[in-house]
Amino acid sequence: MKVLIVDDEPLARRRLEILLREQPGIELTGAAADGTVAQRLIAELSPDVVLLDIKMPGLTGLEVLDAVKAKAAKANGEAAAPIVIFVTAFDRFALDAFDRAAFDYLLKPVEPARLAQALARARAALCEKAAAERTHELEEILRNLRSGPNPLGSHGPPAAADTGFEREIWIQERGGRTSLPVAAIDWVAAERDYVRIHAGARSFLVRLSIGALAGRLDPKLFLRIHRSSLVRADRIVRIRHAGGRGAVVLSTGAEIAVSRRHMGALKTLTRPV
């Protein structure tokens, strides 16, 4: 894990260098005595972690963090910015630091155990970020393979046309992410800030609004029958009317209420019974 020290006090820099040498798996990439040099070294050395003093002449540590995050956001997204651990003698800056999403905040003189704890948390965060990046890369590869030219050549069935709508939904589960084919979805129910996707005997809770999900699914295949319900049209086997209320029955046996506002969408499917 590459670490950069930024502090205008030579003794403070020296103490951090000594403490870092005692930490396993740490590579000290450099040190800066002011914010301007710090910005240049962060750009040149790409450290994983920056131990950053706050009160310095010229640019403060808070200003350095703002500049680094702004630059990262313009380039590759904020995730490209290094982890920043503030190291300062003044606790009055803590609120400003955490308002800027600082990773941690150490008070001078830094205790070895406290530094080790902060670095361990930083390492875990970097590992988690790397795992997420690998997952997204694999997802993108799968999407490209599924939407690319027919791998079977002229002797196989033609590849499906790209409609611009999702053909799979990635579900976050304990221990990883699972691809759920859109073709397997029977219906969707809104649950506050989430949606519950029903597919056969299973259901999946996904942090997404039902409106956002509906925009990603082909409206020729999925019907909005209620502000909190979305169903796959070819799963509907019956439409009920009782007491001025409507409902659809799916091939799975599920019965879902239909609002009056959305009843017109069903008239093109079949006559109610």
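Summarised in this report is the structure supplied together with it. Since this is a predicted model, take the numbers as computed values, not measurements.

So, how was this worked out
- Residues numbered from 1 in each chain as written.
- Predicted model: local features only at pLDDT ≥ 70, side-chain atom pairs only at ≥ 80, totals over all residues.
- Heavy atoms only, no water.
- Pairing = 2+ DSSP bridges.
- Helix = DSSP H or I, 4+ residues; strand = E, 2+ residues; numbered from the N terminus.
- Axes fitted to C-alpha atoms, helices over the stretch in contact; angles between N-to-C directions.
- Salt bridge = Lys/Arg side-chain N within 4 Å of Asp/Glu carboxyl O.
- Buried < 20%, exposed > 50% of the residue type's maximum accessible area, 1.4 Å probe, protein only.

1. Digging into the sheet that holds strand S5 (residues 104–107)
Right, so step 1: Strand order in the open sheet formed by five strands is S2-S1-S3-S4-S5, and the pairing between neighbours is parallel. A strand with exactly one partner marks an edge of an open sheet, and here the two such strands are strand S2 (27–32) and S5. Across this sheet, the average inter-strand angle for adjacent strands is 20°, counted without regard to direction.
Right, so step 2: Across four bridges, strand S4 (residues 83–88) lies against S5 in parallel orientation. Across the sheet, the residue bridging to Ile85 is Asp104, located in S5.

2. Considering the sheet that holds strand S11 (residues 222–226)
Right, so step 1: Sheet architecture is open: five strands sit in the order S10-S9-S8-S12-S11, paired in antiparallel fashion. Looking along the sheet, the strands with just one partner apiece sit at the ends: strand S10 (202–206) and S11. Taking each pair of neighbouring strands and ignoring which way they run, the sheet shows an average axis angle of 20°.
Right, so step 2: Sheet analysis places strand S8 (residues 187–191) next to strand S12 (residues 229–232), joined by three bridges and oriented antiparallel. By the bridge assignment for S12, Val188 is matched with Leu230.

3. Structural notes on the pattern of salt bridges
Right, so step 1: On inspection of all chains with the given rule, the structure shows twelve salt bridges.
Right, so step 2: Of the charged contacts in the structure, one is a salt bridge between Arg114 and Asp104, with a shortest N-O distance of 2.7 Å. Placement of Arg114 in helix H5 (residues 112–147) and of Asp104 in strand S5 is noted, with a sequence separation of ten residues between them.
Right, so step 3: Overall, the relative accessible area of 6% leaves Asp104 in the buried class.
Right, so step 4: The partner of Asp186 in a salt bridge is Arg235, and the shortest N-O contact between them spans 2.6 Å. Residue Asp186 is located in the loop between strand S7 (176–181) and S8, and its partner Arg235 is located in the loop between S12 and strand S13 (236–242); the two are separated by 49 residues in the primary sequence. There is no split in this pair, since Asp186 and Arg235 are both buried.
Right, so step 5: Three or more residues joined by partner-sharing salt bridges are found here, namely Asp7, Glu9, Asp53 and Lys108.

4. Side note on the environment of Leu223
Right, so step 1: Structurally, Leu223 can be placed in strand S11.
Right, so step 2: A C-alpha to C-alpha distance of 8.9 Å links Leu223 and His262, two positions 39 residues apart in sequence.

5. What to know about unusual backbone geometry
Right, so step 1: Residue Pro109 follows Lys108 across a cis peptide bond; omega there is -10°.
Right, so step 2: Tracing the sequence through the fold places Pro109 in the loop between S5 and H5.
Right, so step 3: Located in the positive-phi region is Ser46, a residue other than glycine, with phi close to 50°.

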